[in-house]
Amino acid sequence: MFASKRLSKELSKLHDKLPPGITLIKADDFTEWLMDIRVIDSNPLYQDEVYRLKFVFSQTYPIEAPEVVFVKDEDHPIPWHPHVYSNGIICLDLLDRQGWSPVHNVESVCVSLQSMLTSNTKQERPPGDEHFVKHNKQRPKDINFVFHDNQV
């Protein structure tokens, strides 16, 4: 119940005003939302690209972080980034159990991911991407990433 109340407030705010480069695509219920983000500066790695994010919320949101992944379809690629796996899973402390705080919300996650892409200069995947994508059976929020690189 707390999750739906909080998400209702967030949705109302998102309908009123969104930061540049962020678009609400679908929020039919309080379990899954789709958002589009694009990098609004002139970073050539992401020029003219729009990336789709899928947010999945549990009943314990915002105490627990949403599950957030990039989604690939015919119009939306998975961005190249040293913290984004080719299957769309994002290695970001903000989305981890220890890095999440209930003060965050859908908008702040989108802005953080936008910023993460903006500051990137490397067109590469995380080390071990192919093996991880092939063998990982865990949901993104259940993965215990080791955060050791704050440079990208």
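Structure first, text after, so check above.
Notes on the structure follow. Just so you know, these numbers come straight off a predicted model, no measurement behind them. (Residues numbered from 1 in each chain as written. Predicted model: local features only at pLDDT ≥ 70, side-chain atom pairs only at ≥ 80, totals over all residues. Heavy atoms only, no water.)

Moving on, we get to the overall build of the chain. Across its full length, the chain carries three helices and four strands. Scaling as 2.2 N^0.38, a compact globule of 152 residues should have a C-alpha radius of gyration of about 15 Å, and the chain matches this with 15 Å. Projecting the C-alpha coordinates of the chain onto the three principal axes gives extents of approximately 40 × 35 × 30 Å. Out of the 152 residues in the chain, the part that is buried amounts to 45%. Residue pairs at least 24 apart in sequence account for 60% of intrachain contacts in the chain once pairs closer than 6 positions are excluded. Summed over its atoms, the accessible surface of the chain is roughly 8700 Å², and 50% of this surface lies on carbon and sulfur atoms. One finds the centroid of the 17 positive side-chain charges in the chain at a distance of 5 Å from the centroid of its 22 negative side-chain charges. (Helix = DSSP H or I, 4+ residues; strand = E, 2+ residues; numbered from the N terminus. Rg over C-alpha atoms; globule rule 2.2 N^0.38 Å. Buried < 20%, exposed > 50% of the residue type's maximum accessible area, 1.4 Å probe, protein only. Contact = heavy atoms within 4.5 Å. Areas by Shrake-Rupley, 256 points an atom, 1.4 Å probe, with all protein chains shown as cover. Lys, Arg positive; Asp, Glu negative; His and termini not counted. Charge placed at Lys NZ, Arg CZ, Asp CG, Glu CD.)

With respect to the helices and strands, the residue Glu124 is situated in the loop between helix H2 (106-118) and helix H3 (129-135). Exposure remark for Glu124: the relative accessible area of 37% places this residue in the partly exposed category. A C-alpha to C-alpha distance of 5.4 Å links Glu124 and Pro82, two positions 42 residues apart in sequence. Every residue in contact with Glu124, bar those within four places of it in the chain, is listed here: Trp80, His81 and Pro82.

If you trace the four strands from one edge of the open sheet to the other, you get E1-E2-E3-E4, paired in antiparallel fashion. Because the sheet does not close on itself, it has two edges, and the strands there are strand E1 (22-26) and strand E4 (67-71). For this sheet, the mean inter-axis angle between neighbouring strands, taken without regard to orientation, is 30°. Pairing analysis gives five bridges linking strand E3 (residues 51-56) to E4, with the strands arranged antiparallel. (Pairing = 2+ DSSP bridges. Axes fitted to C-alpha atoms, helices over the stretch in contact; angles between N-to-C directions.)

It is worth spelling out the pairing of strand E2 (residues 32-37) at this point. Counting buried positions along E2 yields five of six residues, so the element is predominantly enclosed. Pairing between E1 and E2: four bridges, direction antiparallel. Bridge pairing in E2 places Ile22 opposite Ile37. The antiparallel pairing of E1 with E2 creates a hairpin that spans five residues between the two strands. Here six bridges tie E2 to E3, and the two strands are oriented antiparallel to one another. Paired with Glu32 across the bridge in E3 is Val56.

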